Amino acid sequence: MNRPSFFLLGASKAGTTSLHYYLAQHPDILMSDPKEPAFFRLEYERGPDWYWRTYFRRYGGQPAAGDGAPQNLHLPFVARRIAATAPDAQLVVVCRGPVDRAVSAWRHNVRLGVEPLPFAAAVEKNLRRLERGETFEGEDGAQRYLEIGRRDGNAGLQRAYGFYVEPGHYAQHMERYRALFGPERLLVLFFEDLVADPAAATARVVTFLGLPAHSLRDSRPQNEATSPAATRLNSLIARLPGVGLFSPALRARVRALVGRAGKRGAPPAPVDDSALRQLADYYRPHNRRLAELTGRNLDSWSA
């Protein structure tokens, strides 16, 4: 094997860090390390062999290997790159109520010091960009994304584009991947189910991948909301030289310890109720299409 056999596509802030952690506990699964390879977004010209050596360097013959970058779901130019690199891959998507997902993403960026705008203004900025047609379609969109990413990093991309709205266009993104891979190779999970029963949700993925059942050693959630200081400290730790030499399990424990310490005295950034109502109205047609695709009743998402 020299390519991932499956992709945990996203969505961001929908529990993918936890699911990545749970899947990594299976002896037949190797998950990407670090969790979110930038290859299809920012490093594609380096080639698939470099990608495999860099993010799957711990490969030891596991039958399944998974890429856990949630940005792969909502960036339109990525889907064809994945299809060209791993045409037989299976795909997993986790959906969360899109308004809640947007709020979680905004609060995360506020804690990191990346987002200076109030929630309503940040969403409005994102909506205006989408209205102008700046949606990163095709290689032209990929090049525009790459230019800012190389110059200013992920923080610069976030400040420039504010990816709060389009990650919640779940049906649109799934249809893009279904057209390339076929519907039978895409599994849809829901954040609520993952939170309620991590073992059952993980078992669904394991079964989908055709692997034998395996019990979770640790089903605690990962990457929970915490204080700005703890969020920044974990981000700093992740960038320290040599951190990648430590096992993913050890790094997850450190991340969790810092996060739990930082949960004390960390009230969430406030969000205007009118902005939440407007965003809920915006998402109604997107939610209806997702309900049609999945057979899931999503009325609670628009309440």
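Below is a short write-up of the structure. Source: prediction; values computed, not measured.

1. Describing the pattern of salt bridges
Working definition: two side chains of opposite charge can pair if their charged atoms are close together. Counted by the stated rule, this structure contains 16 salt bridges. The partner of D33 in a salt bridge is R58, with the nearest N and O atoms 3.0 Å apart. On the criterion of sequence distance, the pair formed by D33 in the loop between β2 (29-31) and α2 (39-42) and R58 in the loop between α3 (48-55) and β3 (64-67) is long-range, its members being 25 residues apart. Residue classification places R58 among the partly exposed residues on the basis of a relative accessible area of 33%. Here R128 makes a salt bridge to E124, at a shortest N to O gap of 1.7 Å. Here E124 and R128 lie together in helix α7 (residues 119-131), a separation of 4 residues that amounts to about one turn.

2. A word on the nonpolar core
Core analysis: the biggest nonpolar cluster contains 66 residues, and F7, L19, C95, Y177 and L290 have the highest contact counts within it. Per element, the largest residue contribution to this core is 6 residues, and it comes from helix α8 (residues 138-161). Counting 18 residues, the second-largest nonpolar core is a separate cluster that includes V123, L130, A269 and L279.

3. Regarding the packing of aromatic side chains
This model, assessed by the stated rule, comprises 23 aromatic pairs. Pairing F39 with F40 gives two aromatic rings, centres 4.9 Å apart and planes at 80 degrees, and the pair type is edge-to-face. Note on accessibility: F39 and F40 belong to one class, buried. With 5.7 Å between their ring centres and 85 degrees between their planes, F136 and Y145 make a pair best called edge-to-face.

4. Re the pairing of strand β4 (residues 90-95)
The buried fraction of β4 amounts to 6 of the 6 residues, a majority that puts the element mostly inside the structure. With burial as the criterion, each face of β4 is covered, one bearing Q90, V92 and V94 and the other bearing L91, V93 and C95. Looking at chain direction, β4 and strand β5 (residues 186-190) are connected through 5 bridges and run parallel. Looking across to β5, one finds that V94 is bridged to L189.

5. Considering helix α14 (residues 273-294)
Since the α-helix advances by 3.6 residues per turn, residues separated by three or four positions end up pointing in the same direction. For α14, built from 22 residues, the straight-helix expectation of 32 Å at 1.5 Å per residue is met to within 8% by its first-to-last C-alpha distance of 29 Å. Maximum bend of α14: about 45 degrees, positioned at R284, with proline P285 one to four residues after it. Among the residues of α14, those classed as buried are A275, L279, A280, Y283, N287 and L290. Remark: G295 follows α14 within two positions and exhibits a positive phi of approximately 75 degrees.

About the thresholds
Along each chain, residues carry numbers from 1 onward, in the same order as the chain's sequence is written. A pLDDT threshold of at least 70 governs which residues receive local features in this predicted model, and a stricter bar of 80 or more applies before side-chain atom pairs are shown or counted, although totals over entire chains, interfaces and linings include all residues. Side-chain measures here rest on the full set of heavy atoms in the structure, leaving out hydrogens and waters. Any Lys or Arg side-chain nitrogen found within 4 Å of a carboxyl oxygen on Asp or Glu counts as a salt bridge. Note on conventions: DSSP H or I runs of at least 4 residues are helices, E runs of at least 2 residues are strands, and numbering of each starts at the N terminus. For every residue, the accessible area (1.4 Å probe, protein chains only) is compared with the maximum for its type, and the residue is labelled buried under 20%, exposed over 50%, or partly exposed between those bounds. In this text, buried Ala, Val, Leu, Ile, Met, Phe, Trp, Tyr and Cys residues form a nonpolar core when linked through side-chain atoms within 4.5 Å. Paired rings are identified among Phe, Tyr and Trp, the last through its six-membered ring, by centres lying within 6.5 Å, and are further divided according to the angle between planes into stacked (under 30 degrees), edge-to-face (over 60) and tilted (the rest). Paired strands, in this sense, are two strands between which DSSP finds at least two bridges. Multiplying 1.5 Å by the helix residue count minus one yields the expected span of that helix. To get the bend at a residue, fit one axis to the 7 residues ending there and another to the 7 starting there, then take the angle between the axes.

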